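# Analysis of the macromolecular model
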Amino acid sequence: MATPQLITLANQATLLVESTAGRAGSPNGNIFFDTANDRIEIITASELANVDLGSGSEANPLTNAFGITLQALYAFARRRRRLNTSLRKFLPGVDGVFQFAGAWVFINGVKLASNDRQKIRQSGWIEYAASGAIDRIYFGVRSLNNIQSTSQPFIQLAASSSESDLLAAAPVNASRAGPLDEAFQVFGTTANGDSGAGNFDFRTSRILLAKVRTFGYTQGEATSTGSGVGTLQGFSAGFGLGESVSPTNSFTLANVYGGSAVSPFTGILFTRWASPQTKTGFVQADGAFTDVVSNSASASLAQIRARLDAWMQLDVDIDTNTNGFRPKRAAPLYTIDDTGRLVTRRGLFIENIATADRQSIVFTDNAGASKTYPFQVQISVSVSDAWANDTLAWYQCMFKDGASTADFDTAGAVIVNDANGDAVVGTSADATGSSGSYRIVFAFDYDGNNQAGLTAGTDKTIVFLAEGDGGAQAAIVEIPVTRQATIAATALSEPETNT
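Here's a quick rundown of the structure. Everything numeric here is computed off the predicted structure, so don't read it as measured data.

Rules and cut-offs
Residues numbered from 1 in each chain as written. Predicted model: local features only at pLDDT ≥ 70, side-chain atom pairs only at ≥ 80, totals over all residues. Heavy atoms only, no water. Helix = DSSP H or I, 4+ residues; strand = E, 2+ residues; numbered from the N terminus. Polar contact = N/O pair within 3.5 Å; in protein donor to acceptor, adjacent residues only side chain to side chain. Contact = heavy atoms within 4.5 Å. Phe/Tyr/Trp six-rings, centres within 6.5 Å; stacked < 30°, edge-to-face > 60°. Buried < 20%, exposed > 50% of the residue type's maximum accessible area, 1.4 Å probe, protein only. Pairing = 2+ DSSP bridges. Axes fitted to C-alpha atoms, helices over the stretch in contact; angles between N-to-C directions. Expected span 1.5 Å × (residues − 1). Salt bridge = Lys/Arg side-chain N within 4 Å of Asp/Glu carboxyl O.

### Side note on the side chain of Gln156
Relative to the elements of secondary structure, Gln156 occurs in strand 12 (residues 153-158). A distance of 2.4 Å separates the side chain of Gln156 from the side chain of Lys211, its partner in a polar contact.

This is how it looks when you write it as structure tokens:
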């Protein structure tokens, strides 16, 4: 028989069999009613590989991975009380509160064996003492969207969604990887003799956050309040929790974070400042940020995002200061908007974003205001080995058609400034790269540059000259500058043969 994914009301009659002994003895079935100790044992395939379901010994269909609903257990208990008259000598142990919401109770002091509660699916419940007082309450959490079978979901029970309360709420891993379908205790008291119940009441004083954070996948998170659950009681609810493959993260985790991490990832560090840091250079006004991510090795935005993803799995303090930040407990460090831009969480700034990536990020300052960079174009001009190796070679960039007499090839020609306001002029010492791939790279402020009498924020054509003096001949290229993140051009000087 193929193993079902879940034992429910529909299949319990053919997949469950009562055992005459508990797991401490020699069980021969997958459900044992321990009337001597008021316990119900759920005996899975990991403990009892085979059972007789009526046609001889076969694989136990009840597994830790897939589990059983309390509705199925309730129906099975009712059937066994009809067929096994010895069970009628004892009060029943399972009852339903209302249908189709996964709400159940364990009554008359009967409870699940302590290591069996995590095997229940699509259900929440209340456990009563024999006196009728409540001992425990378990709230069931079900993920509604895709979660990879190897991903580890977890929950937090926090006093609120504030940063301080989230950081104080320890993560609790689900008992199994893959889709989340498990109950978590939200109330406990030892007053009635249940010594392991604990003493707490999270029903109205906590929100439940369900999360999944797997490297290489998008961050998944849902809350009880966002799922329409106003109080955590003995029932089950669906959470819009899920994940999908990250379109930008193709990196190896060991390279991104940990003892084997490599550059540029090792240059990405998190600092929480005691006082807000003012950041400038936006289209909007300056912004104040408490959290700053450094980028000393000039990582790309995709590499930065991978480092953030790696952090979000860590329940350790990653703050380079002493103010404390445990990312696994906190809200995600970023989201992705409808246009694919990375939007930082409130109060987070990332330093040294490459020109080519600046239109793909939105910062959110401490006040919740969005901050974006002016549109800058990264211009990369390929130059020849002959030019790069000519120690006297130089380059210069000018506007082709300036206003009035500011045209190239006239006395009024205007040298182009880069996004920092520095003239695009220099020598072969400025070339980056290696043999066969030397380049001169600079950023052009598309939205702000109004040199040569030209209007900012409009297309322009610039002229790039690369000339040698003894080692390379002259090369010249016209570069149309339009509103796009990167522009590539070529100015390949031939080796000098005329001297």
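### Quick look at the environment of Phe235
Mapping Phe235 onto the fold places it in the loop between strand 17 (220-223) and strand 18 (236-239). Taking C-alpha positions, Phe235 is 9.0 Å from Val97, a pair spaced 138 residues apart along the chain. In this structure Phe235 touches Ala101, Gly102, Ala103, Ser123, Gly124, Trp125, Tyr138, Phe139, Gly140 and Val229, once residues within four positions along its chain are discounted.

### Here's the deal with the packing of aromatic side chains
Within the structure shown, the criterion is met by 22 aromatic pairs. Between Phe200 and Phe202, the ring centres sit 4.9 Å apart and the planes meet at 35°, which makes this aromatic pair tilted. Judged by its relative accessible area of 24%, Phe200 falls in the partly exposed class. On the accessibility criterion, Phe202 (19% relative accessible area) is buried.

### Quick look at the sheet that holds strand 2 (residues 39-42)
Spatial ordering of the open sheet is given by 1-2-8, a layout of 3 strands whose pairing is mixed. Lying at the two open borders of the sheet, with one neighbouring strand each, are strand 1 (31-34) and strand 8 (111-112). Lying over the sheet, helix 2 (residues 70-83) contacts strand 1, strand 2 and strand 8, oriented at roughly 65° with respect to strand 1.

### Details of the sheet that holds strand 17
Spatially, the 4 strands line up as an open sheet ordered 13-12-16-17, and their pairing is antiparallel. Each having just a single partner strand, strand 13 (172-173) and strand 17 make up the two edges of the open sheet. Where strand 16 (residues 207-212) lies against strand 17, 4 bridges are found, and the strand directions are antiparallel. Bridge pairing in strand 17 links Lys211 to Glu221.

### Let's talk about the pairing of strand 1
Across the two faces of strand 1 the burial is the same, with Ile31 and Phe33 and Phe32 and Asp34 all buried. Pairing geometry for strand 1 and strand 2, over 4 bridges, is antiparallel. By the bridge assignment, Phe32 is partnered in strand 2 with Glu41. Between the end of strand 1 and the start of strand 2, which pair antiparallel, lie 4 residues, with Asp38 showing a positive phi angle near 55°.

### Digging into helix 2
Taking 1.5 Å as the rise per residue, helix 2 with 14 residues should run 20 Å; its terminal C-alpha atoms sit 20 Å apart, in good agreement. All of the buried residues along helix 2 are Leu70, Ala72, Leu73, Ala75, Phe76, Ala77, Arg80 and Arg81.

### Focus on the pairing of strand 20 (residues 287-293)
Of all 7 residues that make up strand 20, 5 are buried, and the element is covered over most of its length. Where strand 19 (residues 270-279) meets strand 20, 6 bridges bridge the pair, whose relative direction is antiparallel. Bridged to Thr271 within strand 20 is Val292. One ladder, built from 3 bridges, connects strand 20 with strand 23 (residues 348-350); its direction is parallel. Within strand 23, the position partnered with Val293 by the bridge is Ile350.

### Let's talk about the pattern of salt bridges
Per the counting criterion, the structure on display carries 22 salt bridges. Between Glu163 and Arg272 there is a salt bridge, with its nearest N and O atoms 2.7 Å apart. Within this pair, whereas Glu163 is found in helix 3 (residues 163-168), its partner Arg272 is found in strand 19, the two being separated by 109 residues in sequence. Taken together, the shared-partner salt bridges connect Arg23, Glu41, Glu47, Asp116 and Lys119 into one network.

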